[in-house]
Amino acid sequence: MPELSDRVKNLQPYPFVVIEQKKREALAKGVDLIDLSIGDPDLATPEFIVESLRKAAGIPDNHHYPSSAGMMSFREAVARWYDRRSSIKLDPASEVVSLIGSKEAVGHMPLAYINPGDVVLVPSPGYPVYEIGTMFAGGACHFMPLTAGNGFLPDLDAIPADVCKRARLMWLNYPNNPTAALAPREFFEKAIGFAKEHDIIIVHDAAYSEMYFDGNKPLSFLEVDGAREVGIEMHSLSKTYNMTGWRIGYAVGNSDIIAGLAKIKSNLDSGVFQAVQEAAITALDSDESVLDGIRKTYQARRDAMYDGLHGAGFEVNRPGATFYLWMKVPGGQSSAGYAAVVLEKAGVLATPGSGFGGPGEGYIRFALTDGVERIKEAVERIKAI
Ligand SMILES: *Cc1c(COP(=O)(O)O)cnc(C)c1O
């Protein structure tokens, strides 16, 4: 049997595979586990979206290969959604492409723009696939540290000149996973100026744009002047509509960049099952009350967890968006060490910050993936450690 390729041999285990293993071990021991580890909503997809899939699945026309760029009716629904949300006008034919979830596109994007030796600017801590996709394309990552000191925004002035010269792509992700930070308009403006100066593509991963609290709707990257000249934004129905298992998202923005990504995709995948696209159209065209209901649920959980931890003296930011709490590990312990203690002594599963990259060391991430009562229970158990 031939050996695995270097690119696979060099991979660390995907962080959540390790956590799944810990979860199985704890459950086998009979632990009353509260699982706040993985960014996968515990809530069901709204019934009217499921019903739309049921109907569409029965139509034989939907059983064929879909177009890899997405049905025109789906791309039009995305354009309507952007117009309604942010007054952004998109041409569905050239400025929208469907994705098999955004993870797929995060992984594939570098294949469209990165030659061996090119640099990708990657936030750290960050979603692991930014780095992995770069590596698969033969590119090199330059990590941009997100720290409390810089408000969890990359310090673009700190990127060395030779790196700027070799950089082709920059990933940004706000509202941010794992830090729950938001980006102000001024930051996006600065990033766009930087991208123009150094001829770099910005891809803004907006997976959490609809998971916000206190009525403060985060900016779409495309709302910022000049964004469409340098970049695209990726979105997904996964977190927004509790549809992680459905695998559907979309990228929008600069038509040349959309065409570049679509070219890779048309050679590797054959698009999203049309019945899933039909259900996604139903979701995107639904009124805001659906999302308001989902946001209310997460906001109550956020309040329970933040008030509990903050009240007990833990150093944790109050998230304005996402369903994550990014908490400083107490007493100078390591991320992995503290996560192990929290699991062993409190029966709470969380993600060590170090799993998201070096600058995540010293933090732990809790996901709001259980009900208010269980979250309160988790906080009490953590306080008692
Ligand atoms: C969850 C997540 C994604 C991937 O979501 P899909 O289900 O693949 O659409 C992308 N980026 C970030 C930052 C995420 O947290």
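Going by the structure above, here's the rest.
Residues numbered from 1 in each chain as written. Predicted model: local features only at pLDDT ≥ 70, side-chain atom pairs only at ≥ 80, totals over all residues. Heavy atoms only, no water.

Draft legend 1. Representation of the site of the ligand in the model. Around the ligand sit 14 residues, and of these D205, Y208, S236, S238 and K239 come closest. Note that an oxygen atom of the ligand is positioned 3.2 Å from one of the side-chain N or O atoms of K239. Coverage of the ligand by the protein chains reaches 94% of its 390 Å² of free accessible surface. Of the pockets mapped on this structure, the ligand occupies the second largest pocket. Those elements that provide at least two residues to the shell around the ligand are α5 (102–113) and α10 (237–240). (Near = heavy atom within 4 Å. Polar contact = N/O pair within 3.5 Å; in protein donor to acceptor, adjacent residues only side chain to side chain. Areas by Shrake-Rupley, 256 points an atom, 1.4 Å probe, with all protein chains shown as cover. 1 Å grid on protein atoms, 1.4 Å probe; cavity = no way out; pocket = protein on both sides within 12 Å on 5 of 7 lines; lining within 4 Å. Sits in = over half its atoms within 2 Å of the grid points. Helix = DSSP H or I, 4+ residues; strand = E, 2+ residues; numbered from the N terminus.)

Draft legend 2. Inspection of the packing of aromatic side chains at higher detail. Throughout the structure, instances matching the rule amount to 16 aromatic pairs. With centroids separated by 6.2 Å and ring planes inclined at 75°, the aromatic side chains of W326 and F356 adopt a geometry described as edge-to-face. On the criterion of sequence distance, the pair formed by W326 in strand β9 (residues 324–328) and F356 in the loop between β11 (351–352) and β12 (363–367) is long-range, its members being 30 residues apart. F356 shares its class with W326; the two are buried. Grouping aromatic residues by their ring pairs yields a cluster made of F74, W81, Y82 and Y250. (Phe/Tyr/Trp six-rings, centres within 6.5 Å; stacked < 30°, edge-to-face > 60°. Buried < 20%, exposed > 50% of the residue type's maximum accessible area, 1.4 Å probe, protein only.)

Draft legend 3. Structural context of the sheet that holds strand β5 (residues 167–172). Spatially, the seven strands line up as an open sheet ordered β2-β8-β7-β6-β5-β3-β4, and their pairing is mixed. With one partner strand each, in any of the chains shown, β2 (96–99) and β4 (140–145) form the two edges of the open sheet. If you compare each strand with its neighbour and ignore which way they point, the axes differ by 25° on average. Set on the sheet, helix α4 (residues 72–86) makes contact with β2, β7 (231–236) and β8 (249–253); between it and β8 the angle comes to about 65°. (Pairing = 2+ DSSP bridges. Axes fitted to C-alpha atoms, helices over the stretch in contact; angles between N-to-C directions. Contact = heavy atoms within 4.5 Å.)

Draft legend 4. The arrangement of the nonpolar core in detail. L121, M170, L309 and F366 are the most contacted members of the largest nonpolar core, which totals 99 residues. Among the elements that make up this core, the one with the highest residue count is helix α13 (residues 289–311) (eight residues). Split by domain, the residues of this core number at least three in each of domain 1 (6–44 + 289–383) and domain 2 (48–284). Apart from the residues within four sequence positions on either side, L121 is in contact with H142, M144, I159, V163, A167, L169, M170, W171, F194 and I200. (Core = buried A, V, L, I, M, F, W, Y, C linked by side-chain atoms within 4.5 Å. Domains from an automatic or database assignment.)

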